[in-house]
Structure formats: C-alpha cells, structure tokens
Amino acid sequence: MTALRPLAPELAEKARLELNEVPQRIADDLAALRSWLTKQPHLNPRTDDQFLVNFLRGCKYSLEKTKEKLDNYYTVKTAIPEFFDNRDPVNETLQNYMSFGVNLPLPHTLDADGPRLMLVRMGAYDASKYSIIDVMKVCYMITDVLLVNDDTSIIAGHMVLVDLRGLTFACMSQFSPTFIKKMTSVIEAFPIRTKGIHFINPSSGFDALYKLFHGFLSKKIQDRIQVHESFEALHKFVPKKYLPEEYGGSGGRLENIIADWSKTLITNRDFFIEDAKFRNDERKRPGKPKSASTLFGVEGSFRTLEFD
C-alpha cells in the first residue's frame, strides 16, 4: 500500500469515531475493493490508494456501500457528458464561468474537525446570458478537486451556505425536473456528506425554488435546512471569522477566494485530462446497461435524495 496523506489529529480521531476507520485494516479493505473492481468489466476507475480510501471513508468503510458509490460515480460521469466532458480548466469559456464564483469552498473549516464551508451564489451570474450547464460543470470540477485533495471534505463533510441574493426567474426557469434529477444524482454519486444547508437572503422566488427541490430531499436533510433573513442571523450558526468580508466576516474577500480557486483548478489540469479516460463501458455491464434515458427519463418517480 502506498502512503496515504497524513491526517490532522482531529480528523484522524473523527475518522476513527464516526467513519469506522481502523488504520491497521485499511490495506485489507483496499485489497477487497480492488478484488471486486477486477470483476466489473464495465468499470474503468482510478485505483490509486488515496482515491479508493476516500470512497471507503465516505461510505464509513461499508464495502457494499463503497462498491455502489464507486459504480454510481462513474456511471453518472459517463451518463452526463455535458457536466463531465471537456473540462480543461485553461479553456477560456470555463475560465469565464470560474470568475463568477457560483460555488466556492471557503478557506477555513468550521473548527479543526468541522465541515468544509461551501458558499453557493446562484445569483452571481446572468442566467439570461450564460448556461446553467457550464455553471454546474465548474461546480463539479471544484467538487472533484475536493474529492481527491481535501481530507476535511471527505471526513467532516460539507456545510452549504446558499446565498439567494440576485436569484432571478431566468435562473429558476433553467431547473427542469430532468435537470434537477441530474444534479441530485451527481450529489449522490460523490462520497461527500452534506452536514447542513443554510439559506441566506431568501428572495421572493425562494418558495418556488424550494418546492422544486423539496421532493428530492430526505427527511434527514430537511431537518438540517435553516433559512436566515440576514447575515446577522447566520452569524449565530457560522462565526464571522469563517465568512468572507462581504458576508460580515474576516475570512478574506470574495474576489481573492474566486481567484485562488481559478488558479487551483488550473493547477489540477493534469487531473482533469486524466479523469476523462476513466469512464464506463456500459455495453460490458452485467445485466442491463445504464444510460441517460434510463437514469434521468422524466417518467416514473424520482428517488429521494439521501444524506448521511
């Protein structure tokens, strides 16, 4: 087994207590997972130790859940090329979308063993001029970088702060039922747990947006949703020091956080080029192949989005 990234002591303890991590057993867990992967003719996954351990951690070392999650991760990437193909971060169009800062991991985590804070600003771009598809492509590029590089995201999960300022009807009209199903399928496919969602500055369109997504959310995550009318109300849950200056905090300016993440994506260019090689061959899947139409066809009932 190659050396894994050393964990901060607080994260190592959290992994032990909450994710069932036993360091002496990791090599055996990886061997069992790799043995299963060799018997899946349709899968062509990354198999480096750190990547597979991230999935084991995200699934609390349940081998069966890890198998399902890995399969889903590549199934979704294969079935939704509009989100996961052509992801070269030096591409001028993608650079432009990165500059909007729609989905921003904040620099500071909520305490040493707390979740990564994710700021979502759906009103940060002009939905009448720009495509929600490319907005989401950049969002998932960031999530992929966190998946491979950020132990906090894997072990402590994400706390999502959704700023609804500037949300327009043009933006909401881009969320068709099929599109929402694709988005929620992607969230399910990543081994990153959502520990809570805080909505800030609910606009007049918030009720309509919430109703759109409500049917996909499990009872567990519905209980973790909070709506705050102001930054001051949010500060009771997320201390100011963690938030950007524009949100009444001391955690850096938005323009600098956006610029840092644009550079981070470019730094990870080799990952995105390599990642394009890892896709399913559904013709070889035992049983029935999975495609966009079978996964996201509007007919039938939607699965409830589950969060751990």
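Look up a bit, the structure's there.
Residues numbered from 1 in each chain as written. Predicted model: local features only at pLDDT ≥ 70, side-chain atom pairs only at ≥ 80, totals over all residues. Heavy atoms only, no water.

Q: How should helix 3 (residues 49-58) be read in this particular structure?
A: At 3.6 residues per turn, the α-helix brings residues three or four places apart onto the same side. Where burial is concerned, most of helix 3 is hidden: 10 out of the 10 residues are buried. Buried residues of helix 3: D49, Q50, F51, L52, V53, N54, F55, L56, R57 and G58, and no others. Residues of helix 3 that are buried in the fold lie against helix 2 (26-37), helix 4 (63-79), helix 7 (132-149), helix 8 (151-156) and helix 10 (177-189). One or two positions beyond helix 3, positive phi appears at K60, with a value near 55°. (Buried < 20%, exposed > 50% of the residue type's maximum accessible area, 1.4 Å probe, protein only. Helix = DSSP H or I, 4+ residues; strand = E, 2+ residues; numbered from the N terminus. Contact = heavy atoms within 4.5 Å.)

Q: What is the right way to read helix 10 from this model?
A: The end-to-end C-alpha distance of helix 10, which contains 13 residues, comes to 18 Å, matching closely the 18 Å that a straight helix rising 1.5 Å per residue would cover. Within helix 10, 10 of the 13 residues are buried, which leaves it mostly tucked inside the rest of the structure. Burial in helix 10 covers these residues: F179, I180, K181, K182, M183, T184, S185, V186, E188 and A189. (Expected span 1.5 Å × (residues − 1).)

Q: Would you mind showing me how to read the sheet that holds strand 3 (residues 158-163) here?
A: Consider a sheet: its strands pair through backbone hydrogen bonds, and that pairing is either parallel or antiparallel. What the five strands build is an open sheet, ordered 1-2-3-4-5; its pairing is mixed. What marks the edges here is a single partner per strand, and that holds for strand 1 (103-109) and strand 5 (225-228). Adjacent strand axes in the sheet meet at a mean angle of 20°, parallel and antiparallel pairs treated alike. Judged from the six bridges that link them, strand 3 and strand 4 (residues 194-200) form a sheet pairing that is parallel. Looking at the pairing, L161 lines up with H198 of strand 4. Relative to strand 1, helix 7 is tilted by about 30°, and along the sheet it contacts strand 1, strand 2 (116-121) and strand 3. Against the sheet, helix 14 (residues 254-267) contacts strand 1 and strand 2, and its axis sits at roughly 105° relative to strand 1. (Pairing = 2+ DSSP bridges. Axes fitted to C-alpha atoms, helices over the stretch in contact; angles between N-to-C directions.)

Q: Please explain the side chain of E21 as it appears in this structure.
A: Tracing the chain through its elements places E21 in the loop between helix 1 (9-18) and helix 2. Residue E21 is classed as buried on the basis of its relative accessible area of 7%. For E21, the side chain forms a polar contact with the side chain of Y61, separated by 2.6 Å. Contacts of E21, omitting those with residues within four sequence positions, involve L7, A15, R16, I26, R57 and Y61. (Polar contact = N/O pair within 3.5 Å; in protein donor to acceptor, adjacent residues only side chain to side chain.)

Q: Looking at this structure, I do not really get the packing of helix 7 against helix 14. What am I missing?
A: Helix-helix packing is described using two parameters, namely the angle between the two axes and the distance between the axes. Where helix 7 contacts helix 14, the axes come no closer than 11 Å and their chain directions differ by 70°. The angle between helix 7 and helix 14 places the two elements in the roughly perpendicular class. Here the hand of the crossing between helix 7 and helix 14 comes out left-handed. Residues V138, M141, I142, V145 and L146 of helix 7 form the contact with helix 14, whose participating residues are W261, T264 and L265. Of the residues assigned to the contact of helix 7 with helix 14, the class counts are seven nonpolar, one polar and no charged. (Parallel < 35°, antiparallel > 145°, perpendicular 65-115°, else oblique. Left-handed = near helix turned anticlockwise from the far one by under 90°. Nonpolar A, V, L, I, M, F, W, Y, C, P; charged D, E, K, R; others polar.)

Q: Is there a simple way to explain the nonpolar core in this structure?
A: Ranked by internal contacts, the top residues of the largest apolar core, which has 88 residues, are F51, M122, Y125, M136, L161, F175 and L265. The element best represented in this core is helix 7, accounting for 12 residues. Setting aside residues no more than four positions away along its own chain, M136 makes contact with F83, F179 and M183. Within the second largest apolar cluster, six residues are counted, among which are L7, L11, A15 and I155. (Core = buried A, V, L, I, M, F, W, Y, C linked by side-chain atoms within 4.5 Å.)

Q: Looking at this model, I keep getting lost on the pairing of strand 4. Mind explaining?
A: Regular strands place their side chains on alternate faces of the sheet. Within strand 4, six of the seven residues are buried, which leaves the element mostly enclosed by the surrounding structure. One ladder, built from four bridges, connects strand 4 with strand 5; its direction is parallel. By the bridge assignment for strand 5, I200 is matched with H228.

Q: Looking at this model, I keep getting lost on the pattern of salt bridges. Mind explaining?
A: Any two side chains of opposite charge can pair if their charged atoms end up close together. Tallied over the entire structure, the rule returns 26 salt bridges. Between D49 and R34 there is a salt bridge whose closest N-O contact spans 2.5 Å. With D49 in helix 3 and R34 in helix 2, this residue pair connects regions lying 15 residues apart in the sequence. Judged by relative accessible area, D49 falls into the buried class, the value being 7%. For the salt bridge of D71 with R285, the shortest nitrogen-to-oxygen distance reads 3.0 Å. Residue D71 is located in helix 4, and its partner R285 is located in the loop between helix 15 (269-275) and helix 16 (292-296); the two are separated by 214 residues in the primary sequence. Since its relative accessible area comes to 10%, R285 is described here as buried. A single salt-bridge network, built from bridges that share partners, covers K77, R87, D144, D275 and R279. (Salt bridge = Lys/Arg side-chain N within 4 Å of Asp/Glu carboxyl O.)

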